[in-house]
Every structure is written in C-alpha cells, then in structure tokens.
Amino acid sequence: HKYLTIILFALMVGCATWSCSNNAKRIKNVKIVSHDELDSIGPHCRILIQPYDDFSHNKALDVSKQLERALNEHMKGLTVTEVQVMPNKPLTEGLMNNAKTRYRASKILDQQQGLVKQPGDVVIGLTDKDISTSVHGYEDWGILGLSYLNKSNCVISTFRVKDKSQFWKVVLHE
C-alpha cells in the first residue's frame, strides 16, 4: 500500500501538471479503445496504457484495473477520468539497438509520443523485452524504464523486474 499511495500521489501531481480538466467525470471503468478513436474523445485527463509485443493484453488490463481500483480508493478528488488500454503494438526491428539485442527506449518513447493527443494524456508503455539507453558513458545500458522530463509518456520493461513491488516502483519513478 505504501508504494501504491506514492504512485497515486505522483499521478495526481502529474495530472495537475498536465492540466487535467476540472469538469472531468470520475473513473467509472476501464475502456479499450482503438488508435483511431483517440481523436474523437473530448478534453480530459487520461492514462493510456500501451502494451508492446509480448506484454499480453490481459496483463495490461490487469495493470489498468489495479490502477483504476487504487485511484478510486485512495484519490477521491483526482480528476483522472479514464485508464485506457490501447491495442497491442509490435516492437519493430527499427526500434532495436545496433547489435539487435535490445530495444532502444528512446525510440519507443518517440513513437509513443504520437499517442499524446491533448494536455493531460499520460502514456505508459509496457513490454517484457529488454530495453536500453545511453547513460554514464555507456552506449547501450540495460534499464527498467525511461521517461523524459516535461514529457507525458514513459516505457517500462519487466525484463529486469524482480517482483511486482519493483514494477510499481519503476512506474512511479518514470
């Protein structure tokens, strides 16, 4: 519960930072949408969960349901209105590092940024594949997750995650 509360607080602050609508409805249920439907949805704060490749749609639905339950239970005044699970997307070869051993997190984030359609959208990409970035003088450092400052999306890999609580810590950090 300690980590879940921290995650919920971070989402609340992030939602406020990204100008969530004050008139938004509360979360009522998880909605599965197509990429085409995003343009027709009105202005409000949404969390979009984008599963990739081997991260099953059912696992993504479980994550969204846990998040929805926690938001409704612990953050009564939060204006996040929807947690949406996007259709599963493949991780293409163009997203890999030069050695073709890992996926470059920065390339995934660049592709994912196209899902952000309005202020208040937060995109959480999920994969079971190994991801990497350039850091500390290393060109291809394996990581748990990545996000950029002042952006509203992140990608998280379960490849290096040891247990469920570590997964939520990574979500919070990103």
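Details of the structure are given in the entry above.
Rules used throughout
- Residues numbered from 1 in each chain as written.
- Predicted model: local features only at pLDDT ≥ 70, side-chain atom pairs only at ≥ 80, totals over all residues.
- Heavy atoms only, no water.
- Phe/Tyr/Trp six-rings, centres within 6.5 Å; stacked < 30°, edge-to-face > 60°.
- Lys NZ or Arg CZ within 6 Å of the ring centre and 35° of its normal.
- Pairing = 2+ DSSP bridges.
- Helix = DSSP H or I, 4+ residues; strand = E, 2+ residues; numbered from the N terminus.
- Buried < 20%, exposed > 50% of the residue type's maximum accessible area, 1.4 Å probe, protein only.
- Arc of directions from axis to C-beta.

Enquirer: In this structure, what is going on with the packing of aromatic side chains? I would like to understand it.
Expert: Given two aromatic rings, their pairing is described by the distance between the two centres and the angle made by the two planes. Applying the stated criterion across every chain, the model contains 1 aromatic pair. Taking 4.7 Å as the distance between ring centres and 40° as the angle between the ring planes, the aromatic pair formed by Tyr-138 and Trp-141 counts as tilted. Its end group placed over the ring of Phe-55, Lys-59 keeps NZ or CZ at 4.5 Å from the ring centre.

Enquirer: Looking at this model, I keep getting lost on the sheet that holds strand 4 (residues 103-104). Mind explaining?
Expert: Strand pairing in a sheet relies on backbone hydrogen bonds, with the paired strands running either antiparallel or parallel. Strands sit in the order 4-6-7 across an open sheet of 3 strands; the sheet is mixed. The sheet is open, and its two edges are formed by strand 4 and strand 7 (138-143), each paired on a single side. Pairing analysis gives 4 bridges linking strand 6 (residues 131-135) to strand 7, with the strands arranged antiparallel. Each residue of the ladder has a partner; that of Ser-132, found in strand 7, is Gly-142.

Enquirer: Where do I start with helix 3 (residues 105-112) in this structure?
Expert: Note on helix geometry: an α-helix contains 3.6 residues per turn, so any two residues three or four positions apart are oriented the same way. Residues of helix 3 that are buried: Ala-105, Ser-106, Ile-108, Leu-109 and Gln-112. Along helix 3, the residues classed as buried sweep out an arc of 160° about the axis, all on the same side.

Enquirer: What am I meant to see in the pairing of strand 9 (residues 153-157) here?
Expert: Every regular strand shows the same layout, with side chains that alternate between the two sheet faces. Buried residues dominate strand 9, accounting for 5 of its 5 residues. Side chains Asn-153, Val-155 and Ser-157 of strand 9 all project onto a buried face; the interleaved residues Cys-154 and Ile-156 project onto the opposite face, where all are buried too. In this structure, strand 5 (residues 121-127) lies alongside strand 9, joined through 5 bridges in parallel fashion. Following the sheet pairing, Thr-127 is matched in strand 9 by Ser-157. Sheet analysis places strand 8 (residues 145-147) next to strand 9, joined by 3 bridges and oriented antiparallel. Across the sheet, residue Ser-147 finds its bridge partner in strand 9, namely Cys-154. Linking two consecutive strands that pair antiparallel, namely strand 8 and strand 9, is a turn of 5 residues; a positive phi of about 65° is found at Asn-150 within it.

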